[in-house]
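Listed below are the residues making up each chain.
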Amino acid sequence: IVGTAGHIDHGKTTLVKALTGVDCDRLKEEKARGITLDLGYAYHADGQLGFVDVPGHERLVHNMLAGATGIDYVLLVIAADDGPMPQTREHLAIVDLLGLAQGAVALTKIDCVDAARLAAVQREIADLLAPTGLAGAPVFPVSAKTGEGVAELSAALHTAAQSAQVPRAQGGFRLAIDRAFHLAGAGLIVTGTAFAGAVRVGDTVCISPPGWRARVRSLHAQDRASELGQVGQRIALNLVGDFGKDDMARGMWVLAPELHSPVQRLHAHIRLLPGEAKLAHWTQAHLHLGTEDVVARIALLEDDALAPGETMLAELLLERSIGALHGDRFILRDISAQRSLGGGRVLDIFPPTRHKRAAEHLAYLHALETDDPRQALALALERHPAGLALARFALNRNLNA
């Protein structure tokens, strides 16, 4: 799954159309105004590549975030005439916070500049990427207008797809819903990217947080009819249940029923971006996780303030219940939703109500930071001599029996 990123009017949608033949701007308002307002989707004819095209306007970063959380590969789009702009920098910070380190830069509109300008922008891009996970990413000068460089970029994307490790469909199925619509003759369709597990036609699933049960009547994976959809794919599910399109909202999940466990509090590791002011204990912010956007209070657990560029354990107290599990990455934006503050990673969806700042609990949270569940369990047991609730530990990490 390739996700675009970049400033408004730098040619993201035009480039995706050049790569796939599909125009991602599907809304009348988008056609009229010539800018992307919501998420767009396109697939290469061979089914290897799926594209999520995101808006570049600063007021639509919440829509960009709903698309960014399910991608494997970042296509950072920078116009040669403008060079890196404010939303280029914010989108880059976001993909870095989400831990995305696979990607390339499409240097667009090269037909509008001379060779000296092109060389200068390429140097600027190298400096911009240097402190991020995309440091050293290849840069492809392209012109969607003339077609120059598009074939080379397409070939590079296909090579990346062929060499990518296919994730194993472990644990229960999780799909973050980013769109719901009614299709004549079929009924309710929801789409999203699968975070974990696998789903088959005929399976019973749960819509969370509401907790509604549904049956999968049919599905498409990577835009093709299939009996099976799994982690890493964009999937469209035809669902049958006691609800309709108007009941669905971006931010909900389609889950294996045993994973339904909505939370309003969670413990996490958070990082504040270097350019931000010091973050105070009990600050309010927007939390973006999966395709959800919810207001949260940030209760710092190791100090009363978090310095720019630093990390800290924190409790997030949410305005309403959401779906989350260990390892989920999230972005924090200021309460006015004007800028990104930082981000982090969920550690525990079953936090205690007391002694949250106790040394033993902080040590337990640090034990949960390890990705290997065996090692994490061993470390956690060392710090909890009285024992652990194994079912909760397993659910927190989406481990099957």
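What counts and how
Residues numbered from 1 in each chain as written. Predicted model: local features only at pLDDT ≥ 70, side-chain atom pairs only at ≥ 80, totals over all residues. Heavy atoms only, no water. Helix = DSSP H or I, 4+ residues; strand = E, 2+ residues; numbered from the N terminus. Rg over C-alpha atoms; globule rule 2.2 N^0.38 Å. Buried < 20%, exposed > 50% of the residue type's maximum accessible area, 1.4 Å probe, protein only. Contact = heavy atoms within 4.5 Å. Lys, Arg positive; Asp, Glu negative; His and termini not counted. Charge placed at Lys NZ, Arg CZ, Asp CG, Glu CD. Pairing = 2+ DSSP bridges. Axes fitted to C-alpha atoms, helices over the stretch in contact; angles between N-to-C directions. Core = buried A, V, L, I, M, F, W, Y, C linked by side-chain atoms within 4.5 Å. Phe/Tyr/Trp six-rings, centres within 6.5 Å; stacked < 30°, edge-to-face > 60°. Parallel < 35°, antiparallel > 145°, perpendicular 65-115°, else oblique. Nonpolar A, V, L, I, M, F, W, Y, C, P; charged D, E, K, R; others polar. Salt bridge = Lys/Arg side-chain N within 4 Å of Asp/Glu carboxyl O.

Asker: For the overall build of the chain, give the residues involved together with the corresponding values.
Answerer: Summing up its helical and strand segments, the chain has 9 helices and 23 strands in all. For a compact globule of 401 residues, the expected C-alpha radius of gyration is about 21 Å, and the chain comes in at 21 Å, within 12% of that figure. Taking the principal axes of its C-alpha atoms as reference, the chain extends roughly 70 × 55 × 40 Å. Residues classed as buried in the chain amount to 51% of the 401 residues present. In the chain, the share of contacts with a sequence separation of at least 24, taken over all contacts with a separation of at least 6, comes to 69%. Computed over 39 positive and 45 negative side-chain charges, the inter-centroid distance for the chain is 4 Å.

Asker: Lay out the sheet that holds strand 1 (residues 2-5) in plain terms, naming residues and giving numbers.
Answerer: What the 6 strands build is an open sheet, ordered 2-3-1-4-5-6; its pairing is mixed. Each having just a single partner strand, strand 2 (40-43) and strand 6 (139-141) make up the two edges of the open sheet. Put simply, the sheet's adjacent strands are angled 25° from each other on average, direction ignored. Where strand 4 (residues 73-79) lies against strand 5 (residues 103-108), 6 bridges are found, and the strand directions are parallel. Counted as the bridge partner of Leu-76 is Val-105 from strand 5. Sitting on the sheet, helix 5 (residues 115-129) is in contact with strand 4, strand 5 and strand 6, with an inclination near 150° to strand 5.

Asker: Lay out the sheet that holds strand 23 (residues 340-348) with the relevant residues and their values.
Answerer: Taken in spatial order, the 6 strands close into a barrel running 16-21-19-18-22-23, and their pairing is antiparallel. Taking each pair of neighbouring strands and ignoring which way they run, the sheet shows an average axis angle of 45°. As defined by bridge partners, strand 16 (residues 263-272) adjoins strand 23 across 6 bridges and the pair is classed as antiparallel. From the neighbouring strand, Ile-270 faces strand 23, where its bridge partner is Gly-344. Helix 7 (residues 359-368) contacts strand 16, strand 21 (311-322) and strand 23 of the sheet and is inclined by roughly 95° relative to strand 23.

Asker: Now, about the nonpolar core: what can you tell me, with residues and values included?
Answerer: Of all hydrophobic cores here, the largest spans 36 residues; its most connected members are Leu-107 and Leu-129. Counting only elements with at least two residues in this core, the list comes to helix 3 (61-68), strand 4, helix 4 (86-97), strand 5 and helix 5. Beyond its immediate sequence surroundings of up to four residues, Leu-129 is in contact with Leu-76, Leu-92, Val-105, Leu-134, Ala-135 and Ala-137. Leu-287, Val-294, Ile-298 and Ala-314 belong to the second-largest nonpolar core, a separate cluster that totals 31 residues.

Asker: An account of the packing of aromatic side chains is requested, with residue identities and associated values reported.
Answerer: What the rule picks out here adds up to 2 aromatic pairs. Between the aromatic rings of Phe-195 and Trp-253, the centroid separation amounts to 5.0 Å while the plane-to-plane angle is 85°, which identifies the pairing as edge-to-face. Here Phe-195 is found in strand 8 (residues 187-196), whereas its partner Trp-253 is found in strand 15 (residues 253-255), with 58 residues between them in sequence. Looking at Phe-195, the relative accessible area reads 24%, which means it is partly exposed. Residue class for Trp-253 comes out buried when judged on its relative accessible area of 1%. Arranged with centres 5.4 Å apart and planes meeting at 20°, the rings of Trp-212 and Phe-243 form a pair that is stacked. On the criterion of sequence distance, the pair formed by Trp-212 in strand 11 (residues 212-221) and Phe-243 in the loop between strand 14 (234-241) and strand 15 is long-range, its members being 31 residues apart.

Asker: Explain the packing of helix 7 against helix 8 (residues 373-383) to me, and be specific about the residues and the numbers.
Answerer: When two helices pack together, you describe them by how their axes are tilted relative to each other and by the distance separating the axes. Put simply, helix 7 and helix 8 touch, their axes get as near as 8 Å, and they point 175° apart. Our classification of the angle between helix 7 and helix 8 gives roughly antiparallel. Contact with helix 7, carried on its side by Glu-360, Ala-363, Tyr-364 and Ala-367, involves Ala-376, Leu-379, Ala-380 and Arg-383 of helix 8 and no other residues of that element. Residues that form the contact of helix 7 with helix 8 fall into these classes: 6 nonpolar, no polar and 2 charged.

Asker: How would you sum up the pairing of strand 18 (residues 283-289)? Please name residues and give values.
Answerer: Within strand 18, 5 of the 7 residues are buried, which leaves it mostly tucked inside the rest of the structure. As paired strands, strand 18 and strand 19 (residues 292-300) are joined by 7 bridges and run antiparallel to one another. Looking at strand 19, one finds that Thr-283 is bridged to Ile-298. Two successive antiparallel strands, strand 18 and strand 19, enclose a turn made up of 2 residues, where Gly-290 displays a positive phi of approximately 60°. Where strand 18 meets strand 22 (residues 329-334), 5 bridges bridge the pair, whose relative direction is antiparallel. Following the sheet pairing, Leu-289 is matched in strand 22 by Phe-330.

Asker: So what's going on with the pattern of salt bridges? Residues and values would help.
Answerer: Scanning the entire structure with this criterion turns up 13 salt bridges. As a salt-bridge pair, Lys-245 and Asp-246 come within 3.6 Å of each other at their nearest N and O atoms. Here Asp-371 and Arg-345 are joined by a salt bridge, their closest N and O atoms 2.3 Å apart. Of the two residues, Asp-371 is situated in the loop between helix 7 and helix 8 and Arg-345 in strand 23; the sequence distance between them amounts to 26 residues. Accessibility expressed as a relative area gives 57% for Asp-371, which makes it exposed. The exposure class of Arg-345 is buried, given its relative accessible area of 17%.

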